[in-house]
Amino acid sequence: MNILLAASEVVPYAKTGGLADVAGALPKALARLGHNVRVVMPRYKLEKIEASGERLPDDLAVPFNFGERRVAVYVDRSGEVPVYFIDAPEYFSRAKLYGESDDIERFAFFSRAVLEFAKALGERFDIIHLNDWMTGLIPAYLKTVYAGDPAFATTRTLFAVHNIAFPGLFSPDQLPKLGLPGWIYRPEGGIEFYNLASALKSGLVFSDAISTVSPRYAAEIQTHEFGEKFDGLLRARQIDLFGILNGVDYDEWNPATDRYIAAPYSISDLSGKRECKRDLLRAFGLPEEMDRPLIGCISRLSNQKGFDLILPIASQMLERGVNFVLLGSGEEIYERAFQALRDSRRSQVGVYLGFSNELAHKIEAGADMFLMPSRFEPCGLNQMYSLKYGTVPIVRAAGGLDDTIENFDRATLRGTGFKFMEYDPARLLAKIHEALTIFDEPDQWRALMLNGMRADFSWDASARHYVELYQRLVGVGASATV
Ligand code: ADP
């Protein structure tokens, strides 16, 4: 099949979260299954992007803002899948990927450019695979401006929701500027969302099918509690909604081959993990107390991630004698709270506020346990990375965390981590205590670590599910089950 995947962030070029990991890894997995895949993203002013790729000979004419804008397109063919970059410096040469006042205009432009780019390639795409609100207007363009365009007559869209909590809101007054007809601003069968327009809703309404990143989250977003007010719409589109678990790119996340960690290790020889722990303690300037349990956390600092469970019990957790390291950035209230925690316990707590891929790898390898008590979690990747690194996850049973982590049972030695349900700090603390009790029993702990390291969340299985879904959309193998 001929597949175009459009995303606002793609590993290794630009990343703020899990979306980038998926947009980097899924296309490779699809290509390995024999499909023809291309990826298209904005050309941000980032070193990794500017250092890669060559400019295509022909620029692209993109109708936008009552006129036409010509943009260059670059391509990087050095990987398994070609990645194309839309070069519109006034939109993408910014300090941040998102959070700018003209975000909707920036990503509407990108969306329109993606379609012009698809046409300019002169190929028919069977599937355009979209990701979150930043590409949510593409199905609206296809169902309006490009309706009847022979280039897309057989193209089907899949809109993948990585997080339903980002609605991509904007004023409907912008629609003419974006080149979209006013009629789409309506509640039923349109993009009106509580008196504003929503790019996410556009993706949900106008795409041919919707996917999300775990089966559990697919069920959760149809409920009032987790649907962020899209639950009614999602229930109405239930037969077009599929939950497909994200995979792990083991080319990137594997302690046997990881180039960022102090020593490689694997199931057959775990000794390197101790070196990684020492290296991690050093990186955070903590005493090299190798036998003290070390709990790690890597996260966007957002209220989604359960910090209002961690912070109230942090002192009690530390009193049990653990060390704690955190890598994250985001909301100031959490940044300050973790700085204060570190300042009060300098010999036990390490905090790095910022984004560092290298440090993320070091934490996965060097920590004994990984803390991820999310309020909601569409899929979550770090818990799966942790399993591969023998770093035992402590999670709340939300979304993909529930789908991927099995609670450890000391009687049968089954299970891969520690999992609790109720969103309550006391429940988290009890789980941490349970984990520490098992940690003190080396044989049990080793069995638990190995269970996790043996688990296989490679992309291959997930990519096959996507292919079945694509085939269903284009009408091939109509009996396929997803
Ligand atoms: P989300 O997409 O909600 O942020 P996921 O667990 O799906 O959560 O994916 C997060 C990804 O971003 C992981 O690859 C994680 O390692 C990475 N990450 C998050 N915060 C940081 C950070 N501060 N520095 C480096 N990597 C980070």
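Residues numbered from 1 in each chain as written. Predicted model: local features only at pLDDT ≥ 70, side-chain atom pairs only at ≥ 80, totals over all residues. Heavy atoms only, no water.

Right, let's talk about the layout of surface pockets for a bit. Empty space within the second largest pocket amounts to approximately 660 Å³. Forming the boundary of the second largest pocket are 35 residues, of which Val 11, Pro 12, Tyr 13, Gly 24 and Glu 252 lie nearest the centre. Listed by contribution, the elements that provide at least two residues to the lining of the second largest pocket are α1 (18-32) and α13 (357-366). Looking at which element gives the most residues to the lining of the second largest pocket, the answer is α1, with six residues. A domain split of the lining of the second largest pocket shows at least three residues from each of domain 1 (2-247 + 460-474) and domain 2 (271-456). (1 Å grid on protein atoms, 1.4 Å probe; cavity = no way out; pocket = protein on both sides within 12 Å on 5 of 7 lines; lining within 4 Å. Points joined across faces, edges and corners; volume = space filled by probe spheres on them. Helix = DSSP H or I, 4+ residues; strand = E, 2+ residues; numbered from the N terminus. Domains from an automatic or database assignment.)

Lining the immediate environment of the ligand, one finds 19 residues, of which Lys 15, Gly 18, Arg 300, Lys 305 and Gly 354 sit closest. Backbone polar atom of Gly 354 to a nitrogen atom of the ligand: 2.8 Å apart, as the coordinates give it. Between the ligand and the protein, one listed contact pairs an oxygen atom with a side-chain N or O atom of Asn 382 at 3.0 Å. Among the elements that take part in the shell around the ligand, strand β14 (residues 294-301) stands out by supplying three residues, more than any other. Tallied by class, the residues present in the shell around the ligand amount to six nonpolar, nine polar and four charged. (Near = heavy atom within 4 Å. Polar contact = N/O pair within 3.5 Å; in protein donor to acceptor, adjacent residues only side chain to side chain. Nonpolar A, V, L, I, M, F, W, Y, C, P; charged D, E, K, R; others polar.)

What follows concerns the sheet that holds strand β9 (residues 169-170). Sheet strands associate in pairs through backbone hydrogen bonding, adopting either a parallel or an antiparallel arrangement. Taken in spatial order, the three strands line up as β9-β11-β10 in an open sheet, and their pairing is antiparallel. Both edges of this open sheet fall to β9 and β10 (192-193), since each of them pairs with a single strand only. Strand contacts of helix α7 (residues 199-206): β9, β10 and β11 (196-198), with the helix running at about 55 degrees to β11, the strand carrying the most contacts. (Pairing = 2+ DSSP bridges. Contact = heavy atoms within 4.5 Å. Axes fitted to C-alpha atoms, helices over the stretch in contact; angles between N-to-C directions.)

This next bit is on the sheet that holds strand β16 (residues 349-353). Strand order in the open sheet formed by six strands is β16-β15-β14-β17-β18-β19, with parallel pairing between adjacent strands. The sheet is open, and its two borders are formed by β16 and β19 (418-420), each paired with just one other strand. Averaged over all pairs of adjacent strands, the angle between their axes in this sheet comes to 15 degrees, without regard to strand direction. In the sheet, strand β15 (residues 323-330) pairs with β16 via five bridges, with the strands oriented parallel. Counterpart to Val 325 in the pairing with β16 is Gly 350. Contacts between helix α16 (residues 425-439) and the sheet are confined to β14, β17 (369-372), β18 (392-396) and β19, with β19 contributing the most and set at about 160 degrees to the helix.

Glancing now at the pattern of salt bridges. Tallying each qualifying case throughout the model produces 37 salt bridges. The partner of Glu 90 in a salt bridge is Arg 69, with the nearest N and O atoms 2.3 Å apart. One end of the pair, Glu 90, is in helix α3 (residues 89-92); the other, Arg 69, is in strand β5 (residues 67-76), with 21 residues separating them in the sequence. For Glu 90, a relative accessible area of 37% translates into the label partly exposed. Residues joined in a network through salt bridges with shared partners are Lys 28, Arg 32, Glu 80, Asp 249 and Asp 251. (Salt bridge = Lys/Arg side-chain N within 4 Å of Asp/Glu carboxyl O. Buried < 20%, exposed > 50% of the residue type's maximum accessible area, 1.4 Å probe, protein only.)

This part is about the side chain of Thr 157. Here Thr 157 is to be found in strand β8 (residues 156-161). For Thr 157, the contacting residues outside a window of four places in its chain are Ile 128, Leu 130, Pro 139, Leu 142, Phe 206, Ser 207, Asp 208, Ala 209 and Leu 473.

Before going further, it helps to examine helix α17 (residues 442-454). Here α17 is 13 residues long and its end C-alpha atoms lie 18 Å apart, about the 18 Å a rise of 1.5 Å per residue gives. Those residues of α17 that fall on the buried side of the exposure criterion are Gln 444, Trp 445, Ala 447, Leu 448, Met 449, Leu 450, Asn 451, Gly 452 and Met 453. For α17, the elements touching its buried residues are α10 (271-283), β17, α14 (382-388), β18, β19 and α16. (Expected span 1.5 Å × (residues − 1).)

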